[in-house]
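Coordinate inspection notes
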Amino acid sequence: MAMPESAHGDNCKLEEKLSLELHQELPAVVNELVASCGTKECFEHISPVPLPSREAVVEIVTRSRKALFPGYFDGHKIEAVNLEYHMGMVLMKLYDTMADQITWAVRHDCFRHDQSCTHCGDRGQRAALEFVQGLPEIRRLLTLDVLAAQEGDPASGGVDEIIFSYPGLFAVTVYRLAHLLRHLGVPILPRMMSEYAHAHTGIDIHPGAEIGNSFFIDHGTGVVIGETTEIGDHVRLYQGVTLGALSLSKEEVESLRGAKRHPTIEDNVIIYSGATILGGKTVVGARSVIGGNVWLTESVPPDTKVFLEKPQLVYVGSRRPGKDTA
Amino acid sequence: MAMPESAHGDNCKLEEKLSLELHQELPAVVNELVASCGTKECFEHISPVPLPSREAVVEIVTRSRKALFPGYFDGHKIEAVNLEYHMGMVLMKLYDTMADQITWAVRHDCFRHDQSCTHCGDRGQRAALEFVQGLPEIRRLLTLDVLAAQEGDPASGGVDEIIFSYPGLFAVTVYRLAHLLRHLGVPILPRMMSEYAHAHTGIDIHPGAEIGNSFFIDHGTGVVIGETTEIGDHVRLYQGVTLGALSLSKEEVESLRGAKRHPTIEDNVIIYSGATILGGKTVVGARSVIGGNVWLTESVPPDTKVFLEKPQLVYVGSRRPGKDTA
Amino acid sequence: MAMPESAHGDNCKLEEKLSLELHQELPAVVNELVASCGTKECFEHISPVPLPSREAVVEIVTRSRKALFPGYFDGHKIEAVNLEYHMGMVLMKLYDTMADQITWAVRHDCFRHDQSCTHCGDRGQRAALEFVQGLPEIRRLLTLDVLAAQEGDPASGGVDEIIFSYPGLFAVTVYRLAHLLRHLGVPILPRMMSEYAHAHTGIDIHPGAEIGNSFFIDHGTGVVIGETTEIGDHVRLYQGVTLGALSLSKEEVESLRGAKRHPTIEDNVIIYSGATILGGKTVVGARSVIGGNVWLTESVPPDTKVFLEKPQLVYVGSRRPGKDTA
């Protein structure tokens, strides 16, 4: 590795010379990239209209969680004496960020559809207020979700662990926020929020899904819940469960935009890991249990247990357990 | 999109007026959220006792990795001449953060159980020291884990790539740290650490699991290893493997809290992607191989290969391969 | 919880005394950790050669995305009038970061193989330029990937949502960047980039894979695409799909390093969620459809649909649907 000092010095000079030479090649690339903007070879958003940003979406989720579970995610202690002041600050900042982001999302949508945008600022502010006004109800729902996790998981070390750590609760929190925002007619932002949760937890819940009370997802990595899924109360899912659409040809995709394509899960259903339930006409009846890895494309009546037949395992290299004495 | 300047100015004034009006709606929401604190409709931690924080957990993991793999994660070069100084700084900061966080976790536990908390600070400091004193042994174990990855993966570009990039090594590193912390009787923090790793890697290893030497998880997304799982030496897992509990009714959940609910995997076992092994009495014997997507709820003797019977594939639109000439 | 003020004061003094005592135990741990450096019990990089860093890899991906999709990820608006200036800044910074990181990756490789490193700086600068010069072609490819997502997903709310939010597009973007870098012979960095995308999306695409135009991965969590996989044009994958290697004994691992171990997927193939396709000789013919959860280790001719035979579901607690009237 050792190198004579002078050779090293020469190398440095050569490297600097090369650096100058190579920097001169960059403008050609810049020109090529700029020239392809506005053509079919480039998606860009060159516009005086700003766009919502992922950083702001993370901020919205973070502030909402502070409002929903006071004292858990603040990084400093909240006491009774400063609670109101704290909550006031959180809500004020949340409202302002929401108002800006919704305005930009709406403006951008107008821009895409070549509509004039005289009241986008109004819409942004009003939707932000309605969002903030929806938080007490979302808090009530999340309290039930926490209790459902506590009931459903024998490994849980108490509600604090669930609120701090459980990816299922994080994903459901973001879903409930994004779902409200979608109901308020806000474009782009709800899906940005759900994809933030997806990245964080591996749980992909479309903001359009309708999900009831006391919902619990355990472990959760790989869960997919599609846009038109309906889920009742007290439903429990495990990792890798897909509630999806039946396979589509490219022609069918367009015709199905907006139609019910994902299943309905009634109250008190449990769906074990890796199960896949597909199709807009598929209904899993109340109190039914869907076993692990089941692939289901037809409805199931209430109070039914659905399991795969036990697979024939092929034992090689030793006899089958229980047959050693045969 | 163009708008006369004056109309734009009017709009701005209207938006400001609206903004003032809407801000006046916020205190009602603040009051509603504050009022529901302390009721059954809200989980909060309004208390003079601070809580551990996710940011600190990330810091603990980051500093521990700097101590365990010096020079890899420091963002600047570590030379022999500054190694001791560097390691001293890393350990000192790690100890201080740990002492605070453990103290807060312990205090919070006392608070939840209405116990007095006269020695929480002591416990925090002593546990932090024991944690730091455990790092040399964890380093020894991780060295074996790195070698196991090197042996098990033909795509690996060497140990540096494994240490830098492999999610399996990240998850196992955090598991070994969280497992030690749990053995020291620290509440909340171990699970916060393992859920950080879960979010980062999609690999969910409960801190309570007992895992032997030379452990390798390849790819890893979707892996779940439950609280009472026991894993021997030289075991290799692939993505989507679940080592879980058998299905539980809501009544059984409470009675099983603390019991052995997850399987035992003996030495030198390989478990391929998507396999699910369930139940506290299920033992996979040494040197056995569990094939992909197998769903296993009974024990397997040593030296056994377990595979699904080859599925009958239904070919539509062309003949079955190999039968074209029949 | 209340404590007399004096007792609290005493406690504080005791805690401070303990803190001093315990800090004195740290140097022994520091010495133990320093002593194990350079032994078989520790992987370290104690060296005057700096290493690439994960932070820089994140920066490279972030800047590349700004260059590839101008206006989407900048956090401020880009207008026609400042586009060229903006693009120039982005590319200049990207080039400089790349040149440093590649140089360090190459130097580290030389260091590992005990080679002299007189032209590492040159190689770093030249490879960085070639990388930047490859961006227009990558932009062209990504435009086709966005359109493929638009075509393949009835839930998509337009191209902006796809560019902002879809994890599949993020993973494919990073894959196309990492793949180019690997072709330029750069060590370590490509895999660090792909593991960043894996952590962010749950989608694990090895930079060595060869992937054609108009590629779409929906949802994506749990997808694994191995090093020697070949994928044609207009292929669509869903969550949990593995394109992997056949099972390997520890002896086979070394002999297969570099050989084709992963499948070939021809044009216009669709592979549904949870399907696993294994082996370097396995070819899925053009326009074929592989159903969910299929486990495939042999080739499939073109224009074939492969599905699992419908599993026998075991209904307990109610009759089979459709047989109620029998």
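Now for a look at the structure at hand.

Criteria and cut-off values
- Residues numbered from 1 in each chain as written.
- Chains lettered and ligands numbered in written order.
- Predicted model: local features only at pLDDT ≥ 70, side-chain atom pairs only at ≥ 80, totals over all residues.
- Heavy atoms only, no water.
- Helix = DSSP H or I, 4+ residues; strand = E, 2+ residues; numbered from the N terminus.
- Contact = heavy atoms within 4.5 Å.
- Areas by Shrake-Rupley, 256 points an atom, 1.4 Å probe, with all protein chains shown as cover.
- Pairing = 2+ DSSP bridges.
- Buried area = accessible area lost by both parts, 1.4 Å probe.
- Salt bridge = Lys/Arg side-chain N within 4 Å of Asp/Glu carboxyl O.
- Polar contact = N/O pair within 3.5 Å; in protein donor to acceptor, adjacent residues only side chain to side chain.
- Nonpolar A, V, L, I, M, F, W, Y, C, P; charged D, E, K, R; others polar.
- Least-squares fit on C-alpha atoms with pLDDT ≥ 70 in both.
- Buried < 20%, exposed > 50% of the residue type's maximum accessible area, 1.4 Å probe, protein only.
- Expected span 1.5 Å × (residues − 1).
- Axes fitted to C-alpha atoms, helices over the stretch in contact; angles between N-to-C directions.
- Parallel < 35°, antiparallel > 145°, perpendicular 65-115°, else oblique.
- Left-handed = near helix turned anticlockwise from the far one by under 90°.
- Phe/Tyr/Trp six-rings, centres within 6.5 Å; stacked < 30°, edge-to-face > 60°.

Regarding the overall build of chain A
The helix and strand tally for chain A stands at ten helices and 15 strands. Considering only contacts in chain A between residues 6 or more positions apart, those separated by 24 or more positions represent 49%. Approximately 13000 Å² of chain A is accessible, and the part contributed by carbon and sulfur atoms is 53%.

Topic: the sheet that holds strand S5 (residues 230-231) of chain A
Residue and element names in this part refer to chain A. Strands sit in the order S2-S5-S8-S11 across an open sheet of four strands; the sheet is parallel. Here the strands that pair on one side only, and so sit at the sheet edges, are strand S2 (210-211) and strand S11 (283-284). Taken together, the two bridges between strand S8 (residues 264-265) and S11 define a ladder with parallel strand orientation. In the sheet register, isoleucine 265 faces S11, and the bridge partner there is valine 284.

A word on the interface of chain B and chain A
The figure often quoted for interface size is the accessible area lost as the parts come together. Facing the 70 residues of chain B at the interface are 76 residues of chain A. Carbon and sulfur atoms make up 62% of the area that chain B and chain A hide from each other, which totals about 6400 Å². On inspection of chain B and its partner chain A, the count reaches one salt bridge. Of the charged contacts, one joins B:Arg191 and A:Glu161 as a salt bridge, the two residues approaching to 3.6 Å between their closest N and O atoms. The interface formed by chain B and chain A holds eleven residue pairs in polar contact (both at pLDDT 80 or more) in total. At the level of secondary structure, the elements contributing two or more residues to the side of chain B that touches chain A comprise helix H1 (5-23), helix H2 (26-36), helix H4 (80-112), helix H9 (189-201), helix H10 (250-256), strand S13 (295-296) and strand S14 (305-308) of chain B. With eight residues, H2(B) is the largest single contributor of residues to the side of chain B that touches chain A. A class-by-class count of the residues in the side of chain B that touches chain A yields 33 nonpolar, 18 polar and 19 charged.

Structural notes on the relation of the copies chain C and chain A
Overlaying chain C on chain A yields an RMSD of 0.0 Å, the required transformation being a rotation through 120° with an accompanying axial translation of 0.0 Å. The superposition operator between the copies reduces to a three-fold rotation axis.

Remarks on the sheet that holds S13(B)
All names here are of chain B. Within the open sheet, the five strands sit side by side as S1-S4-S7-S10-S13. Their pairing is parallel. In the strand order of this sheet, the two ends are held by strand S1 (204-205) and S13, each with one partner. Summarising the sheet, strand S7 (residues 242-244) and strand S10 (residues 276-278) pair through three bridges and their orientation is parallel. Each residue of the ladder has a partner; that of glycine 244, found in S10, is leucine 278.

Examining the side chain of B:Thr103
Relative to the helices and strands, B:Thr103 is located in helix H4. If we skip the residues at most four places from it in the chain, B:Thr103 touches B:Cys120, B:Gly121, B:Gly124 and B:Gln125.

Digging into the interface of chain C and chain A
Contacts between the two partners involve 76 residues from chain C, matched on the other side by 71 residues from chain A. Both faces combined, the contact of chain C with chain A buries some 6400 Å², and carbon together with sulfur accounts for 62% of it. The largest per-residue losses of area from chain C upon contact with chain A belong to C:Arg139, C:Pro154 and C:Phe164, which jointly make up 9% of the total buried on that side. The interface formed by chain C and chain A holds one salt bridge in total. Put simply, chain C and chain A have eleven residue pairs in polar contact (both at pLDDT 80 or more) between them.

Comments concerning the pattern of salt bridges
Within this structure, the stated rule accounts for 27 salt bridges over all chains. The salt bridge involving B:Arg191 is made with B:Glu195; its shortest N-O contact spans 3.4 Å. With B:Arg191 and B:Glu195 both in helix H9 and four residues apart, this pair spans about one turn of that helix. On the basis of relative accessibility, which here comes to 6%, the residue B:Glu195 falls in the buried class. Between C:Glu59 and C:Arg63 there is a salt bridge, and its shortest N-O distance comes to 2.8 Å. In this pair, C:Glu59 and C:Arg63 are both assigned in helix H3 (residues 54-68), four residues apart and thus about one turn of the helix distant.

Quick look at H4(B)
Here H4(B) contains 33 residues, and its C-alpha end-to-end distance of 48 Å stays within 8% of the 48 Å for a straight helix at 1.5 Å per residue. In the stretch just after H4(B), B:Asp114 is the one whose phi turns positive, near 50°.

Some thoughts on the relation of the copies chain B and chain A
The two copies are related by a screw motion: chain B maps onto chain A through a turn of 120° and a shift of 0.0 Å along the axis, at an RMSD of 0.0 Å. Comparing interface residues between copies, only 6% of those in chain B also lie at the interface in chain A; the contact surfaces differ.

Section: the packing of helix H6 (residues 135-152) of chain A against helix H8 (residues 167-183) of chain A
Residue and element names in this part refer to chain A. Viewed as axis vectors pointing N to C, H6 and H8 meet at an angle of 150°, and their least axial separation amounts to 11 Å. The orientation of H6 relative to H8 falls into the category roughly antiparallel. The handedness of the crossing between H6 and H8 comes out as right-handed. Across the interface between the two elements, Leu135, Ile138, Leu141, Leu142, Asp145 and Val146 from H6 touch Leu169, Val172, Thr173, Arg176, Leu177 and Leu180 from H8. Here the contact of H6 with H8 is composed, by residue class, of nine nonpolar, one polar and two charged.

Things to note about the side chain of C:Thr264
Residue and element names in this part refer to chain C. Position of threonine 264 among the secondary structure elements: in strand S8 (residues 264-265). Accessibility expressed as a relative area gives 16% for threonine 264, which makes it buried. Only 3.1 Å separates the side chain of threonine 264 from the side chain of lysine 260, close enough to count as a polar contact. Not counting chain neighbours up to four residues away, the residues in contact with threonine 264 comprise Glu230, Thr282, Val283 and Val284.

Looking at the packing of aromatic side chains
Evaluated as defined, the whole model comprises 21 aromatic pairs over all chains. Here A:Tyr238 and A:Tyr272 contribute two aromatic rings whose centre-to-centre distance is 5.0 Å and whose plane-to-plane angle is 20°, an arrangement assigned as stacked. Taken together, the residues span a long stretch of sequence, with A:Tyr238 in the loop between strand S6 (236-237) and strand S7 (242-244) and A:Tyr272 in the loop between strand S9 (270-271) and strand S10 (276-278) at a distance of 34 residues. Relative accessible area serves as the criterion here: at 12%, A:Tyr238 is assigned to the buried category. Aromatic pair B:Phe73 and B:Phe164: ring centres 6.2 Å apart, planes at 90°, arrangement edge-to-face.

Remarks on the environment of A:Arg287
Residues and elements named next belong to chain A. Examined against the element boundaries, arginine 287 turns out to sit in the loop between S11 and strand S12 (289-290). Residue classification places arginine 287 among the partly exposed residues on the basis of a relative accessible area of 45%. When the C-alpha atoms of arginine 287 and proline 301 are compared, they prove to be 9.3 Å apart, with 14 residues separating the residues in sequence. Not counting chain neighbours up to four residues away, the residues in contact with arginine 287 comprise Asp267, Asn268, Val269, Pro302 and Asp303. Of the polar contacts made by the side chain of arginine 287, one reaches the side chain of aspartate 303; its length is 2.7 Å.

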